[in-house]
Amino acid sequence: MGENTPTTTLTDSIMAPDSRSESLILTHPTAEEKLATWNLNSVNWGTALSVADYLEREQYLTTVPLARNGGITHWILVDRSLPPNERPILASCESLRKPVLVSHNGVVTEAFTHGIGSVFSQPKFRGKGYASRMLRELGPLLKDWQVDPKTPGMHTCPFSILYSDIGKKYYAKFGWVPFPSTHIAFPPTASSKPFTATPLAESDIEELCATDEQYIRRSLENAQDAKIHVALMPNHDVMQWHHKRENFVSRKIFGKSPLIKGAIAGDVGSRVWAICTRAFYGPLKPESGNTLHILRLVVEDEADVEANAAKLRGILEIAQAEAKEWQLGHVELWNPTKIVKQMVKETGLEHSEVEREEESIASLMWYGEGSGTSADIEWVGNEKYGWC
Ligand SMILES: CC(C)(COP(=O)(O)OP(=O)(O)OC[C@H]1O[C@@H](n2cnc3c(N)ncnc32)[C@H](O)[C@@H]1OP(=O)(O)O)[C@@H](O)C(=O)NCCC(=O)NCCS
């Protein structure tokens, strides 16, 4: 090279090193780096809010019960030779720890998973393999991350999960296998009061979650086939994570938080209930895909389909009225079981069945033996409450 050769090559290699370079490291951001990442990815995930409100939401969500005490971990891919706050952030994501149950031949084990979210690479670094490098390192690393043999429920992380918004192929390359990702969609409808179901308030949720935890455990204990059955715990912390997010965003957009968090019908032992949340992905326009999500649907006794369908109808009518009131595009019920599908049909309500191909593809990386696909693993309660 001549004396006057521009030094851009050197600068470029520092700013955008080879994604296979040994100098790259997966580590944790400083507070300043976290803020910088949120600022950048606000274009993708913050469009329902002002940038300032989005930054405030992301910070706030690190303090809610599921996220505190190390529940959330932020990850960045950077060059190890550069000092914190001065190193380019080549790729980033976060993982959220959640309790799970795993059963094989009816023996149920308490464990935990990490749900990965906010996978991001800033536009100027895209297509260079940085997100791939991050994910290739993160997958196996999460198997041992926060595992503590001495603490019950923390002694093993049998799998990690994510919900892909970029189709079924990208994350499968690294080992997160796509699982069933369907939903039933219902249109918003104006209130048809008096409702036949009872709305649920925030104060009703904790007790219902405790009951649901027993149900989901029992359904894993009673699993008959040779598959491994896994379930994320539909517990109060998990539901609160959704509701606190919903309350925060609704307050910013509407100046108030919704009081209705679901609906319930029937007597103890044969109740049907749904826990709901409103998700705002963008401005109050149909193209934003803003949705009233049923986080979790519980049918206490599945025997009487006709009676359950009547209860479900009352619950869905409340959900549809809420969707209308909060200007949401539709109501979604994720991965309904065969019986629930039958119940929905019997409600007589207008609905459509959707097989998602691009967005919210539930994906699971299995750390144990076997194929790790849905041929070997049954994901019980693969509903919206598991999303992050
Ligand atoms: C998705 C993303 C993290 C990839 O980061 P990256 O560092 O460019 O990824 P890599 O260089 O390792 O891989 C590039 C590959 O990503 C895949 N990819 C990127 N965006 C994609 C999309 N919207 N749909 C499908 N595949 C996509 C492509 O296969 C691409 O291959 P190409 O280089 O032939 O185009 C980045 O594009 C991004 O931040 N996008 C916006 C936020 C987002 O959608 N995150 C994913 C949420 S699940």
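Here the residue numbering is sequential within each chain, running from 1 through the sequence in written order. Local features in a predicted model are, by the rule used here, given only for residues with pLDDT of at least 70; side-chain atom pairs are given and counted only at 80 or more, and totals for whole chains, interfaces and linings are based on all residues. In computing side-chain values, all of the structure's heavy atoms are included and hydrogens and water are not.

S.K.: Can you help me understand the pairing of strand 1 (residues 24–27) in this one?
M.R.: Residues in a regular strand project their side chains so that they alternate between the two faces of the sheet. Summary of the burial criterion: residues with accessible area below 20% of their type's maximum are buried, those above 50% are exposed, and those between are partly exposed, where the area comes from a 1.4 Å probe applied to protein chains only. Here a strand is any run of E in DSSP of at least two residues, a helix any run of H or I of at least four, and the numbering for each starts at the N terminus. Residues L24 and L26 line the buried face of strand 1, whereas the alternating positions I25 and T27 sit on a face that is not buried. Relative to strand 2 (residues 72–79), strand 1 runs antiparallel, the two sharing four bridges. Residue pairing across strands places L26 opposite L77, the latter belonging to strand 2. Strand pairing is defined by DSSP finding a minimum of two bridges between the two strands.

S.K.: What is the right way to look at the pattern of salt bridges in this model?
M.R.: Working definition: two side chains of opposite charge can pair if their charged atoms are close together. For this document, the term salt bridge refers to a Lys or Arg side-chain nitrogen within 4 Å of an Asp or Glu carboxyl oxygen. Under the defined criterion, the tally for this structure stands at 17 salt bridges. The salt bridge involving R296 is made with D212; its shortest N-O contact spans 2.7 Å. Here R296, found in strand 12 (residues 291–299), pairs with D212, found in helix 5 (residues 202–221); they are 84 residues apart in sequence, far enough to count as distant. Residue R296 is classed as buried on the basis of its relative accessible area of 9%. In this structure D212 comes out as buried when scored by relative accessible area, which is 2%. Across the pair R296 and E383 runs a salt bridge whose closest N-O atoms are separated by 2.6 Å. Taken together, the residues span a long stretch of sequence, with R296 in strand 12 and E383 in the segment after strand 16 (377–380) at a distance of 87 residues. Residue class for E383 comes out buried when judged on its relative accessible area of 9%. When salt bridges that share partners are traced, they join E246, K261, R278 and E322 into one network.

S.K.: Which parts of the structure should I look at to understand the pairing of strand 3 (residues 91–104)?
M.R.: For strand 3, a buried count of twelve out of 14 residues is recorded, marking the element as mostly surrounded by other parts of the structure. Inspection of the sheet shows strand 2 paired to strand 3 by six bridges, in the antiparallel sense. Paired with I72 across the bridge in strand 3 is L96. Summarising the sheet, strand 3 and strand 4 (residues 107–120) pair through twelve bridges and their orientation is antiparallel.

S.K.: Sorry if this is basic, but what is going on with the site of the ligand here?
M.R.: Neighbouring the ligand are 16 residues, the closest being V119, S121, G127, G129 and S132. Under this definition, polar contacts are N or O atom pairs within 3.5 Å; protein pairs additionally need one hydrogen-donor-capable and one acceptor-capable atom, and for neighbouring residues in sequence, both atoms have to be side-chain atoms. At a separation of 2.8 Å, a nitrogen atom of the ligand approaches a polar backbone atom of V119. Taking K128, its main chain carries an N or O atom lying 3.3 Å from an oxygen atom of the ligand. For the ligand, the protein covers 64% of the area, taking 890 Å² as the surface of the free molecule. Looking at the shell around the ligand, the elements that each hand over two or more residues are helix 2 (31–45), strand 4 and helix 4 (130–142). It is helix 4 that provides the largest number of residues to the shell around the ligand, a total of three residues. Note on residue categories: nonpolar means Ala, Val, Leu, Ile, Met, Phe, Trp, Tyr, Cys or Pro, charged means Asp, Glu, Lys or Arg, and polar means any other residue, Gly included. For the shell around the ligand, the residue count by class is eight nonpolar, five polar and three charged. Only heavy atoms are used to decide nearness, and a residue is near a molecule or strand if one of them lies within 4 Å of it. Calculation of accessible area relied on Shrake-Rupley with a 1.4 Å probe; when residues are assessed, cover is drawn exclusively from the protein chains displayed.

S.K.: Got a minute to help me understand helix 7 (residues 305–325) in this structure?
M.R.: Three or four residues apart is the spacing at which side chains of an α-helix point the same way, because the helix has 3.6 residues per turn. To estimate how far a helix should reach, multiply one less than its number of residues by 1.5 Å. In this model helix 7 runs 30 Å from its N-terminal to its C-terminal C-alpha over 21 residues, within 8% of the 30 Å that 1.5 Å per residue would give. The buried count for helix 7 comes to 15 of 21 residues, which makes it a mostly enclosed element.

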